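# Tertiary structure, described
Chain by chain, the residues:
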Amino acid sequence: MTTPAGSGTGFGSVSWWGLSPAVDLQAEERSETFLEVWGNALLRPPVAAFVRAQAGRLAHLVPEPDRLAEQLPWLSLGALKFRERDALEAVFRFWAGGEKGPEAFPMSRLWDSRLRQYLGSRYDARHGVSDWDLHMKLHDRGARVIHTREFRRWRDTGVAFELRDSSAYHVPNRTLASGRLLSHRGERVAARGYWGDIATGPFVAFGIEADDETLLRTSNGQPVKNFPGIYPRERKTKGLKTDEESHLQASSVCLTLLVFPSPAAPVLEPFTVHFLPLDSAHTLHHKSCYKGQFQLLYVACGMVHLLSPELGACVAPRGRLIVELAQFLVDLRQEQLHAFSRRVGELAQAAGFAPQLVGKPSDTFARFYKAGDSAPGHEDQAVESGTPPPEVLAPPLEATDWPSEDRTQPLEPGTPPSEPLKLTSESQASLLEASVPPTGSQAPKSENQNVPPETKSPIPDL
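The text that follows walks through the structure, step by step, so that each part is easy to find. Model, not experiment: these values are computed from the prediction.

### Section: the overall build of the protein
- Each helix and strand counted, the protein has 12 helices and 15 strands in total.
- Within the span of the protein, comprising 462 residues, buried residues form 50% of the whole.
- Residue pairs at least 24 apart in sequence account for 71% of intrachain contacts in the protein once pairs closer than 6 positions are excluded.
- Taken as a whole, the protein presents about 22,800 Å² of accessible surface, with 54% of it coming from carbon and sulfur.

### Some points on helix α4 (residues 82-95)
- In this model α4 runs 20 Å from its N-terminal to its C-terminal C-alpha over 14 residues, within 8% of the 20 Å that 1.5 Å per residue would give.
- For α4, every residue scored as buried is listed here: E84, R85, A87, E89, A90, V91, F92, F94 and W95.
- On its buried face, α4 sits against α2 (45-61), α3 (65-71) and β7 (187-193).
- Once α4 ends, the next one or two residues include G97, with phi positive near 90 degrees.

### So, the nonpolar core
- Counting 53 residues, the largest nonpolar core has M107, W111, L138, I146 and Y194 as the members making the most contacts within it.
- Counting only elements with at least two residues in this core, the list comes to α1 (27-39), α2, α4, α5 (107-119), α6 (126-138) and α7 (148-157).
- Looking at this core element by element, the count peaks at 6 residues for α5.
- For M107, the contacting residues outside a window of four places in its chain are A41, L42, P172, L176 and Y194.

### Some thoughts on the sheet that holds strand β12 (residues 315-324)
- An order of β11-β12-β14-β13 is seen for the 4 strands of this open sheet, with the pairing classed as mixed. Among the strands making up the open sheet, the edge pair consists of β11 (294-299) and β13 (353-355). Looking at each pair of strands side by side, their axes are set apart by 25 degrees on average, direction ignored.
- Sheet topology note: the β13/strand β14 (residues 365-370) ladder contains 3 bridges and is antiparallel. For P355, the partnering residue across the bridge sits in β14 and is F368.

### Description of the pairing of β7
- Here strand β6 (residues 178-184) runs beside β7; their pairing, made up of 7 bridges, is antiparallel. The residue of β7 that forms the bridge with L181 is A190.
- Hairpin remark: β6 followed by β7, antiparallel, with 2 residues in the connecting loop; positive phi at R185, about 55 degrees.

Here is what the cut-offs are and how they apply
Residues numbered from 1 in each chain as written. Predicted model: local features only at pLDDT ≥ 70, side-chain atom pairs only at ≥ 80, totals over all residues. Heavy atoms only, no water. Helix = DSSP H or I, 4+ residues; strand = E, 2+ residues; numbered from the N terminus. Buried < 20%, exposed > 50% of the residue type's maximum accessible area, 1.4 Å probe, protein only. Contact = heavy atoms within 4.5 Å. Areas by Shrake-Rupley, 256 points an atom, 1.4 Å probe, with all protein chains shown as cover. Expected span 1.5 Å × (residues − 1). Core = buried A, V, L, I, M, F, W, Y, C linked by side-chain atoms within 4.5 Å. Pairing = 2+ DSSP bridges. Axes fitted to C-alpha atoms, helices over the stretch in contact; angles between N-to-C directions.

Okay, structure coming up:
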């Protein structure tokens, strides 16, 4: 989902998520707009207007394949079922402001309700809890560039990237909404709410790694530069950033930011982004156009239950598999992280992959290659050996408990609910906890022992 756009001397070409080359945004404004839509529960009015305009355009293109092929030739929805196209159109119309009024999606109230349920009795000590999660978990696991002030603000309001005055952020970010079917008085009703992340934050996907190490410098345990100060400097760095994890994190949300030292824009090969049906992971291998054709398979940590021999059959011999590990899920203890990594190794091996031992070990990603005729006889350094848990660690979303009604908004009759955009960290934690019961000497130790005094109440066992 990228379109090239000129960006002046020293940049050459910037490829970004914007859907229309006619939208004349400078490089810095483009980056700031993306960060707000990606990580903020509340938007500035100009950014909200941009989202409405692009969503309105897509809502008109989705039901008209010919116009879609003409205006967005790189986007293919041909494999989607009709009901999925209708649902996609309904999502875009909601983003475009089809339902007027702040009550259509009261993000601030929904966020606070989620936070109260998540913290429970610790809600009044939420600043102490956020400091504990940041310093004792995220910082210890490699995300030291996240500043205490930024993390607190995100936990309180859902605004991660405050690039302007705080009073400018007051329009709900409708792209974070999701729909579900809930049981109400014995009937199944469609409801809209926010069930995204309220524990880890969007910071780990952008900005915790950089070629320029001075951007990550700390003083007295705190980052010298915050996130708004990092991005303008990173955008002006000449040359391509080759760090693999950075590219993967970017591609997972359809963002590609390419910076070339030459003023001449490179000639990009034609490409097409194909959207597939939601239930196609176990059936793709039945079609010759997919079987053994993919060179790279990337699986997010919340989707590891889809990693199966059927999905592995779609990867070409010697093709690569990269699985995101649960390193930055703050609700998981070390024992659970290790169990998750072991289970990923078991699922990958069952799908026909062998650990890839070349490259720097990573706690964030596990890398494999399609085994082919070679027998996998080594363990990936990022995937520890051991007895795997008895069940898949991340079952489908349907296995989770339905949220309470005070965090939902009813949909209009006949409006298809949209698919959840994000899997919450606490949901993943509950899934892992349910699937990996501690036994004997493996019983996890409570992390209450060094709870900071600001929390006033111990952090309960998960």
